[in-house]
Amino acid sequence: MKKKTFHLISLGCAKNTVDSNSMARLLMQSGYQAVANPKQAEIMIVNTCGFIKPARDEAIETLHELSDLKKSGQVLLAAGCMAERFGGQIAAACPKVDGVLGTLHIPEILSLIERLQDRGKRPELPVRDLPALAALASPLVHQFAPQGASAYLKIADGCSRRCAFCSIPLIKGNWRSRPAEEILRDAAILQDMGTQELILIAQDTTAYAQDRGEKDALPGLIEAILKAAPEIPWLRILYAFPGFVSERLVDLMAASSVIQPYLDIPLQHAHPEVLRRMRRPDDMTWVRETIAAMREKIPGIAIRSTFITGFPGETESEFAALYDFLEEMKFDRVGVFPYYPEEGTASAALGDTVPEAVKNERLDLLMRRQQEISHAINRSFIGKTLNVLIEGEQDGVMVGRSYRDAPEIDGLVFVDGAAAPGEIIPVRINSALEYDLIGKVVG
Ligand code: SF4
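Note that the structure is a prediction, hence the values are computed from the model and not measured.

A. Layout of the domain arrangement of the chain. Under the domain assignment used here, the chain contains domain 1 (5–134), domain 2 (141–379) and domain 3 (385–441). At the junction of the two partners, domain 2 supplies 27 residues and domain 3 supplies 22 residues. Between domain 2 and domain 3, roughly 2000 Å² of surface is buried when both sides are summed, and carbon and sulfur atoms account for 50% of that area. At the junction of domain 2 with domain 3, the criterion picks out four salt bridges. Across the contact surface, domain 2 and domain 3 share 18 residue pairs in polar contact (both at pLDDT 80 or more). Sorting elements by how many residues they give to the side of domain 2 that touches domain 3 places helix α13 (residues 356–379) first, with seven residues. Broken down by class, the residue content of the side of domain 2 that touches domain 3 amounts to 11 nonpolar, nine polar and seven charged.

B. Spatial organisation of unusual backbone geometry. In this structure, Lys 330 is a non-glycine residue whose phi angle is positive, near 50 degrees. Relative to the elements of secondary structure, Lys 330 occurs in the loop between α12 (316–329) and β14 (333–338). The phi dihedral of Asp 395 is positive, around 50 degrees, even though this residue is not glycine. Within the secondary structure, Asp 395 sits in the loop between β15 (385–394) and β16 (397–401).

C. Quick look at the pairing of strand β6 (residues 144–147). The pairing of β6 with strand β7 (residues 150–154) spans four bridges and is classified as antiparallel. Counterpart to Phe 144 in the pairing with β7 is Leu 153. Counted along the chain from β6 to the antiparallel partner β7, the turn is two residues long, and its residue Gly 148 has a positive phi close to 65 degrees.

D. The arrangement of the nonpolar core in detail. If you look at the biggest cluster of nonpolar residues, it comprises 67 residues, and the most contacted ones within it are Leu 198, Ile 222, Leu 235, Ile 237, Met 294, Phe 325 and Phe 331. If you tally residues by element for this core, the top one is α12, at five residues. Leaving out residues up to four positions away in the same chain, Phe 331 has contacts with Leu 267, Ile 291, Arg 295, Ile 303, Ser 305, Phe 307, Phe 325, Gln 370, Ile 373 and Ile 377. Listed in part, the 27 residues of the second largest apolar core include Ala 14, Ile 199, Val 388 and Met 398.

E. Layout of the sheet that holds strand β17 (residues 413–416). As summarised here, the arrangement of the five strands in space is β15-β16-β17-β19-β18, forming a closed barrel in which the pairing is mixed. The mean angle between the axes of side-by-side strands here comes to 55 degrees, regardless of whether they run parallel or antiparallel. Both β15 and strand β18 (residues 424–432) contribute to a ladder of five bridges, which runs antiparallel. Counterpart to Asn 387 in the pairing with β18 is Pro 426.

F. Focus on the pattern of salt bridges. All chains considered together, the criterion is met by 33 salt bridges. In this structure, the salt-bridge partner of Lys 172 is Asp 19, at a minimum N-O distance of 3.7 Å. Note that Lys 172 is positioned in helix α6 (residues 168–172) and Asp 19 in helix α1 (residues 14–29), a separation of 153 residues in sequence. Of the two residues, Lys 172 and Asp 19, both sit in the buried class. Here Arg 236 makes a salt bridge to Glu 197, at a shortest N to O gap of 2.7 Å. Within this pair, whereas Arg 236 is found in strand β11 (residues 234–237), its partner Glu 197 is found in strand β10 (residues 197–201), the two being separated by 39 residues in sequence. With respect to class, Arg 236 is no different from Glu 197; both count as buried. The network of salt bridges with common partners includes Asp 19, Lys 154, Asp 157 and Lys 172.

G. Structural context of a negative patch on the surface. Taken together, the side chains of Glu 58, Glu 61, Glu 65 and Asp 68 present a region of like negative charge at the surface. As for its position among the elements, Glu 58 is in helix α2 (residues 53–69).

H. Seen up close, helix α3 (residues 81–93). Where α3 bends most, at Gly 87, the angle is about 90 degrees. Every buried residue belonging to α3 is among Cys 81, Met 82, Ala 83, Glu 84, Phe 86, Gly 87, Ile 90 and Ala 91, and all of these are buried. Tucked into the core, α3 has its buried residues touching α1, β3 (43–48), α2, β4 (75–80), β5 (99–102) and α6.

I. Spatial organisation of the packing of helix α8 (residues 218–228) against helix α9 (residues 247–255). Remark: α8 packs on α9, axes separated minimally by 8 Å, with the N-to-C direction vectors making an angle of 30 degrees. When the interaxial angle is binned, α8 and α9 end up roughly parallel. Listed contacts from α9 to Leu 218, Pro 219, Gly 220, Ile 222 and Glu 223 of α8 are Arg 248, Leu 249 and Leu 252. Grouping the constituent residues of the contact of α8 with α9 by class yields five nonpolar, one polar and two charged.

Conventions and cut-offs
Residues numbered from 1 in each chain as written. Predicted model: local features only at pLDDT ≥ 70, side-chain atom pairs only at ≥ 80, totals over all residues. Heavy atoms only, no water. Domains from an automatic or database assignment. Contact = heavy atoms within 4.5 Å. Buried area = accessible area lost by both parts, 1.4 Å probe. Salt bridge = Lys/Arg side-chain N within 4 Å of Asp/Glu carboxyl O. Polar contact = N/O pair within 3.5 Å; in protein donor to acceptor, adjacent residues only side chain to side chain. Helix = DSSP H or I, 4+ residues; strand = E, 2+ residues; numbered from the N terminus. Nonpolar A, V, L, I, M, F, W, Y, C, P; charged D, E, K, R; others polar. Pairing = 2+ DSSP bridges. Core = buried A, V, L, I, M, F, W, Y, C linked by side-chain atoms within 4.5 Å. Buried < 20%, exposed > 50% of the residue type's maximum accessible area, 1.4 Å probe, protein only. Axes fitted to C-alpha atoms, helices over the stretch in contact; angles between N-to-C directions. Patch = residues over 30% accessible without salt bridge, like charges linked within 9 Å, V, L, I, M, F, W, Y side chains within 5 Å. Areas by Shrake-Rupley, 256 points an atom, 1.4 Å probe, with all protein chains shown as cover. Lys, Arg positive; Asp, Glu negative; His and termini not counted. Charge placed at Lys NZ, Arg CZ, Asp CG, Glu CD. Bend = angle between axes of the 7 residues up to and from the residue. Parallel < 35°, antiparallel > 145°, perpendicular 65-115°, else oblique.

This is how it looks when you write it as structure tokens:
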């Protein structure tokens, strides 16, 4: 009998990685096998990102590459965020795509494949309907993605905030927090799979259960996860929203040896006027006080943030305030992105007033300064010992991550010595690069 096979390319963020894993699990439960070579796959899937134009360009390019390889009998699907909002554009730009499966319709992948196989090939466009939203919360759909010894665990999807630049709510809809029992079930499964690092994700983890009318529910959820999966040694929280990092959350992080002293708080800007135009919290006093309290209660905490340059109307002095803030806060990790106007968002109506060259110049200025800050912080670790989760080998050297590094976005620790992937071992740091550290296994 012919083997059922699929090849899946996951683009975009960790939340998309989780959706890709959910699709792969549904396919495998139905007898499909994953194959690394797209030429050998009966079903080829690109899980697209649709957040900003460069991500959509990458999705179209990837679909074109697979279209070029596509042979008769193969099915090519575009799934994910771009497919949800711009399915028609995909169908027009990539005529060899057989089906378009929006991110809200991922549980329907098997029925879409069956329909395509039954009735020939013509593009299917996503339909936003409530049954599909309900299906997303189905207990059949696990929402996690193991990556080596780490695993992303999605606790909610969508976003009910309306930041002026952001198209996520238009793609993913409003907040939908997963029931705690499903999250705990997934955490226990990941523990059984040997997960060493559990990474909680959502568009905004601090909004967990706000859609159910609960306030500050994240700390309680984390406590329950720690009980449900007591053998997972590391837990990391991503994407906290300014204004919603509660004292209870900070105290829980301070008291737990499992919750890694690391927090990603995307601030986007530091000038109150720009933040107001962005429709984001503009209380910089809260930001300064909360970060100071976290640093006091959780010594050594690594804080990551992201910023946008060239938001409509950003003046020289507003940018200078952002630069000074970066200088003042000495974040461990920073990501900077140039502003892209996104169709349908509130800021699109403000025009794209800052020239691209200025956006990029401001981005470079921030990143160059941050590189120096990051290097200085890294140098302060020389002579210290950090626990490192080993991920594998690069050019004959062991590589891993410390509590200061989330996968894919932060730095690495290069380790002299022997250890197996998935082991957490003490490493004495002897050298520091801008973003990475170098050390030797202790003992
Ligand atoms: S909090 Fe704002 S930036 Fe983040 S996903 Fe929601 S709308 Fe977008």
